[in-house]
Amino acid sequence: MSNPLQGAQFVLAAHRVSQLPADRGAEVAFAGRSNAGKSSALNALTGHKGLARTSKTPGRTQQMVSFSLPPYKDVPVSRAQDAQERLPLAQAEGEPSLEVRLVDLPGYGYAKVPQELREHWRQEIDRYLHQRRSLRGVVLIADIRHPLKEFDRMMLDFCFATGLPCHLLLTKADKLSRNQAAQALAAMRKSFPDGLHATAQVFSSTAGTGVDEARAAVVALLRQPREGVHQDR
Ligand SMILES: Nc1nc2c(ncn2[C@@H]2O[C@H](COP(=O)(O)OP(=O)(O)OP(=O)(O)O)[C@@H](O)[C@H]2O)c(=O)[nH]1
Ligand SMILES: [Mg+2]
C-alpha cells in the first residue's frame with residue numbers, strides 16, 4: 001500500500017498560534033501527554049524517520065511544529081480516482097490549492113517543564129483548538145499501558161463538545177502481548193461516551209503495528225468537510 005502521507009516537510013515551529021502558517025486548507029493535530037510518542041508516530045506515519053525530533057527525555061517538543069504534505073493542486077479531476085490515495089483533502093471543497101498540514105503539538109503534563117511554560121502551552125493549545133479553522137481533527141496519542149490521563153480526557157471532552165473528530169492511537173503496543181493490547185483497546189472503546197466522534201486503534205511506532213490503519217485514519221480526518229467540525233468552536 002502506498003503511503004498517502006509521504007513527502008511531508010518541516011514548515012516551521014511556532015511558539016504561538018499566531019505564528020503558524022496561514023489558516024487555510026486542512027490540518028490534523030497530533031496531541032498527547034509528554035513522552036507518549038507523538039513525534040515518533042508522526043515519523044512512522046510519514047515514513048520519514050528524522051522528520052519530527054523525538055527523545056527519551058519527556059518535554060522534547062516545546063513548540064507547535066508544522067509539517068506540510070505535498071500540494072496536489074494540479075491533479076486533474078479525471079485522474080482523481082488514481083489520485084485518491086495521495087489526495088488527502090476532499091476536492092469537492094473546490095479550493096484551488098490543496099494545502100494539507102500535520103501539526104506536532106507540545107507534550108502536555110510534564111512536571112519538569114516550568115509552570116509558566118506549561119501554562120503558556122495550556123493556553124496556546126486551547127486557543128489553537130478553538131480558533132484554528134483549518135483543523136479537521138485530532139490524533140490523540142496515549143501509551144497503551146496506562147489509563148487515559150487528565151489531559152487526554154480533556155481532549156476527548158473537547159472533541160465531544162464541539163464535534164471535532166478524534167482518532168486515538170494506543171501506542172507502544174510492542175510493550176504488550178497481542179492479547180493484552182486487544183483487551184486494552186476494547187476497554188478504551190467501551191469507555192467512550194455515546195455520541196463521541198472518535199475511533200481508536202492499537203499502534204506501535206517501533207514495531208510498525210497499525211501504521212496503515214493510522215494513515216487511513218489521518219487521511220479520513222483531513223477529508224472531513226469543513227462544516228460540522230467547528231460549528232460550536
Ligand atoms: N517501545 C516503544 N517506544 C516508543 C514508541 N513510540 C515512542 N517511543 C519512545 O518513547 C519516547 C518518547 O517518544 P517521542 O515520540 O519523542 O514522544 P513525544 O510524545 O513526542 O514527547 P514530547 O515531545 O516530549 O511531548 C522515545 O524514547 C521513543 O523512542 C513505541 O511505539 N514503542
Ligand atoms: Mg515530541
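Summary of the structure given here. Please read all numbers here as calculations on a predicted model, not as lab measurements.

Criteria and thresholds
Residues numbered from 1 in each chain as written. Chains lettered and ligands numbered in written order. Predicted model: local features only at pLDDT ≥ 70, side-chain atom pairs only at ≥ 80, totals over all residues. Heavy atoms only, no water. Salt bridge = Lys/Arg side-chain N within 4 Å of Asp/Glu carboxyl O. Helix = DSSP H or I, 4+ residues; strand = E, 2+ residues; numbered from the N terminus. Buried < 20%, exposed > 50% of the residue type's maximum accessible area, 1.4 Å probe, protein only. Pairing = 2+ DSSP bridges. Axes fitted to C-alpha atoms, helices over the stretch in contact; angles between N-to-C directions. Contact = heavy atoms within 4.5 Å. Core = buried A, V, L, I, M, F, W, Y, C linked by side-chain atoms within 4.5 Å. Expected span 1.5 Å × (residues − 1). Phe/Tyr/Trp six-rings, centres within 6.5 Å; stacked < 30°, edge-to-face > 60°.

## Observations regarding the pattern of salt bridges
Applying the stated rule across the entire model yields nine salt bridges. Between Glu 27 and Arg 101 there is a salt bridge, with the nearest N and O atoms lying 2.6 Å from each other. Of the two residues, Glu 27 sits in strand E2 (residues 26-32) while Arg 101 sits in strand E4 (residues 100-104), which places them 74 residues apart along the sequence. For the pair Glu 27 and Arg 101, a shared accessibility class is recorded, and that class is buried. One salt bridge connects Arg 145 with Asp 143, and the closest N-O pair in it is separated by 2.7 Å. Asp 143 gets classed as buried once you look at its relative accessible area, which sits at 11%. Within the structure, one salt-bridge network assembled from shared partners comprises Asp 23, Arg 24, Glu 27, Glu 99, Arg 101 and Arg 132.

## A look at the sheet that holds E4
The mixed open sheet is built from seven strands, whose spatial order is E1-E3-E4-E2-E5-E6-E7. Two strands bound the open sheet, and with one partner strand each, they are strand E1 (9-14) and strand E7 (198-202). Across this sheet, the average inter-strand angle for adjacent strands is 20°, counted without regard to direction. Sheet topology places E2 next to E4; five bridges connect them, and they run parallel. Note on E4: the bridge partner recorded for Ala 29 is Val 103. Lying over the sheet, helix H3 (residues 115-131) contacts E1, E2, strand E3 (64-69), E4 and strand E5 (135-143), oriented at roughly 35° with respect to E3. Of the strands in this sheet, E2, E5 and strand E6 (166-171) touch helix H4 (residues 150-162), which is tilted by about 155° from E5.

## Some details on the nonpolar core
If you look at the biggest cluster of nonpolar residues, it comprises 37 residues, and the most contacted ones within it are Met 64, Tyr 128, Leu 129, Leu 140, Leu 168 and Phe 192. Of the residues forming this core, the biggest block, five residues, is contributed by H4. Discounting chain neighbours no more than four positions away, the residues touching Tyr 128 are Val 17, Leu 20, Glu 27, Ala 29, Met 64, Val 103, Leu 105 and Leu 135. The next biggest cluster of nonpolar side chains, apart from the first, holds 27 residues, and it includes Leu 42, Ala 52, Val 218 and Val 219.

## Observations concerning helix H6 (residues 211-222)
With twelve residues, H6 extends 17 Å between its outermost C-alpha atoms, agreeing within 8% with the 16 Å of an ideal straight helix rising 1.5 Å per residue. Of all the residues in H6, the buried ones are Val 211, Ala 214, Arg 215, Ala 217, Val 218, Val 219, Leu 221 and Leu 222.

## A word on helix H1 (residues 38-46)
A large share of H1 lies buried, amounting to eight of its nine residues. Along H1, the positions that sit buried rather than exposed are Lys 38, Ser 39, Ala 41, Leu 42, Asn 43, Ala 44, Leu 45 and Thr 46. Taken together, the buried residues of H1 touch E2, E3, E4, E5, E6 and H6. Count one or two residues on from H1 and you reach Gly 47, which has phi positive near 70°.

## Observations concerning the pairing of E5
The buried fraction of E5 amounts to nine of the nine residues, a majority that puts the element mostly inside the structure. Pairing of E2 with E5 involves six bridges; the strand directions are parallel. Paired with Gly 32 across the bridge in E5 is Ile 141. Note that E5 and E6 share six bridges and pair parallel. Pairing of Val 138 across the sheet is with Cys 166, part of E6.

## Comments concerning the packing of aromatic side chains
Evaluated as defined, the whole model comprises two aromatic pairs. Ring centres of Phe 10 and Phe 67 lie 6.2 Å apart, and the angle between their planes is 70°; this geometry places the pair in the edge-to-face category. Placement of Phe 10 in strand E1 and of Phe 67 in strand E3 is noted, with a sequence separation of 57 residues between them. Look at Phe 67 and you get buried, because its relative accessible area is 1%. Pairing Tyr 108 with Phe 151 gives two aromatic rings, centres 4.7 Å apart and planes at 20°, and the pair type is stacked. Residue Tyr 108 is found in the loop between E4 and H3, and its partner Phe 151 is found in helix H4; the two are separated by 43 residues along the sequence. Across the pair, exposure class does not vary: Tyr 108 and Phe 151 are buried alike.

Note that all results are geometric; they support no functional claim without further evidence.
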